[in-house]
Amino acid sequence: MSGGSRMPTAGDPAPRVALHLLGGFQLLHDDVPVVVPRGLQRVIALIGLRPAATRSHLAGLLWPETPEERALSSLRTALWRLRQDPCCPLRTDGDTVRLGATVHLDVDELVEAAARVRDGMTPRGAAGTGRHDLLPGWYDDWVLLERERLRQLRLHMLEELAGNHLAAGRHGEALEAALEALAAEPLRETPHRLVVRIHLAEGNAFEAVHAFYVYRDLLLRELRLEPSPAMTALLDDTLAPIRRASRPDPPQRPAGRPANAAPRGPAPHPRGATSPPPSMPRGTP
């Protein structure tokens, strides 16, 4: 590893170290990017995401196709290389390795914001937290699993945040959070339902109906599905007059005649049909 900052000396304040994993790997030392080889990036990233993992667990995740002894040896070599650099963000604690206590990890911001929203709070800036995917372009199994976990965590946080703002009557903030969730997963119905509810709460019937049909068209086009009954029920009262107005009127009956009255007079013969001859009286030769 190498960075653009000078070597620390005795009496210097502790450097500010930040590890960014959302949107891509970046290690900052006093706001200066540190160049880290890709192999060592994987070690640092995994240790940041699994702070309580043992060395055996870390080695197995990093080198899943390698025998355990060889994987442990590779981990020891990687840790030795990292510790030679003054910018190393890791600390060893017995059989575990973790980030230093002063290292700021951006993933922690998302986890902490989600916990506060679950407790009913509405932390400032929470809607924009964790907007980027974890380590895009990395396809290790442990990355894919953690990426999906954080994606779901953020989606639920945004939906809860929108619900909290809506319950408090803060419609603008509620809509912002719902639209953030919608942008993260356009086919997910929950944020679309929230958008419709928010517009209805504001009295914007047109916006609510428009949002419903935008989602309905998207769902039909992409998945050939209809919105759920729960989604449709939100607009039942609003759409009822529109549906009634769009139904064709029933055919009108002549005044004074019951619906089941028989037609007057004999039914006419079809054009071109011949009438049967009249019956002959008895006894006629």
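Calculation criteria
Within each chain, residues carry numbers counting from 1 in the order of the written sequence. Totals for whole chains, interfaces and linings use all residues, but because this is a predicted model, local features are given only for residues with pLDDT of at least 70 and pairs of side-chain atoms are given and counted only at 80 or more. With hydrogens and water excluded, all non-hydrogen atoms of the structure serve as input to the side-chain values. Burial status follows relative accessibility: with a 1.4 Å probe on protein chains alone, a residue under 20% of its type maximum counts as buried, one over 50% as exposed, and anything between as partly exposed. A run of H or I in DSSP becomes a helix once it reaches four residues, and a run of E becomes a strand once it reaches two; helices and strands are each numbered from the N terminus. It is the directions from the helix axis to the C-beta atoms whose arc is reported. Salt bridges are defined by distance alone: a side-chain nitrogen of Lys or Arg within 4 Å of a carboxyl oxygen of Asp or Glu. Lines fitted to the C-alpha atoms define the axes, with helices restricted to the stretch that makes contact. Angles between their N-to-C directions range from 0 to 180 degrees. Orientation labels follow simple angle bins: below 35 degrees gives roughly parallel, above 145 gives roughly antiparallel, 65 to 115 gives roughly perpendicular, and whatever is left gives oblique. In this scheme the crossing of two helices becomes right-handed for a clockwise turn of the near helix relative to the far one and left-handed for an anticlockwise turn of less than a right angle. By the convention used here, residues are in contact when the closest approach between their heavy atoms is within 4.5 Å. Only Asp, Glu, Lys and Arg are considered charged in this grouping, and only Ala, Val, Leu, Ile, Met, Phe, Trp, Tyr, Cys and Pro are considered nonpolar; every other residue, Gly among them, is considered polar. Aromatic rings from Phe, Tyr and Trp, taking only the six-membered ring of Trp, are treated as a pair when their centres fall within 6.5 Å; an angle between ring planes under 30 degrees marks them as stacked, one over 60 as edge-to-face, and anything in between as tilted.

**Some thoughts on helix 2 (residues 55-62)**
And then number 1: Arg55, Leu58, Ala59 and Leu62 are the residues of helix 2 that are buried. Viewed along the axis of helix 2, the buried residues span an arc of 95°, placing them on a single side of the element.

**Description of the pattern of salt bridges**
Pairing of side chains with opposite charge becomes possible as their charged atoms draw close.
And then number 1: Summed over the entire model, instances satisfying the criterion amount to eleven salt bridges.
And then number 2: The salt bridge partner of glutamate 185 is arginine 151, with a shortest N-O separation of 3.3 Å. Within this pair, whereas glutamate 185 is found in the loop between helix 6 (171-184) and helix 7 (189-202), its partner arginine 151 is found in helix 5 (residues 141-167), the two being separated by 34 residues in sequence.
And then number 3: Arginine 188 is paired through a salt bridge with glutamate 159; the nearest N and O atoms lie 2.5 Å apart. Of this pair, arginine 188 sits in the loop between helix 6 and helix 7 while glutamate 159 sits in helix 5, and the two are 29 residues apart along the sequence. By the burial criterion, arginine 188 is buried, and glutamate 159 matches it.
And then number 4: One continuous salt-bridge network, built from bridges that share partners, spans Arg131, Arg154 and Glu180.

**Things to note about the packing of helix 6 against helix 7**
For any two helices packed against each other, the geometry is given by the interaxial angle and the distance between the axes.
And then number 1: Closest axis-to-axis distance for the helix 6/helix 7 pair is 9 Å, and the angle between their directions is 160°. One way to sum up the angle between helix 6 and helix 7 is to call them roughly antiparallel. Pair helix 6 / helix 7 crosses with left-handed handedness. In this structure, helix 6 uses His171, Ala174, Leu175, Ala178, Leu179, Ala181 and Leu182 to contact helix 7, whose residues at the interface are Pro191, His192, Leu194, Val195, Ile198, His199, Ala201 and Glu202.
And then number 2: Counted by class, the contact of helix 6 with helix 7 contains eleven nonpolar, three polar and one charged residues.

**Observations concerning the packing of aromatic side chains**
And then number 1: Going through the model one piece at a time under the given rule, you end up with two aromatic pairs.
And then number 2: Ring centres of phenylalanine 25 and tryptophan 138 lie 6.5 Å apart, and the angle between their planes is 10°; this geometry places the pair in the stacked category. One end of the pair, phenylalanine 25, is in the loop between strand 2 (17-20) and strand 3 (26-29); the other, tryptophan 138, is in the loop between helix 4 (106-118) and helix 5, with 113 residues separating them in the sequence.
And then number 3: Classification of phenylalanine 25 as buried rests on a relative accessible area of 16%.
And then number 4: Aromatic side chains phenylalanine 212 and tyrosine 213 sit 5.1 Å apart centroid to centroid with 85° between the ring planes, which places their arrangement in the edge-to-face category.
And then number 5: Relative accessible area serves as the criterion here: at 5%, phenylalanine 212 is assigned to the buried category.

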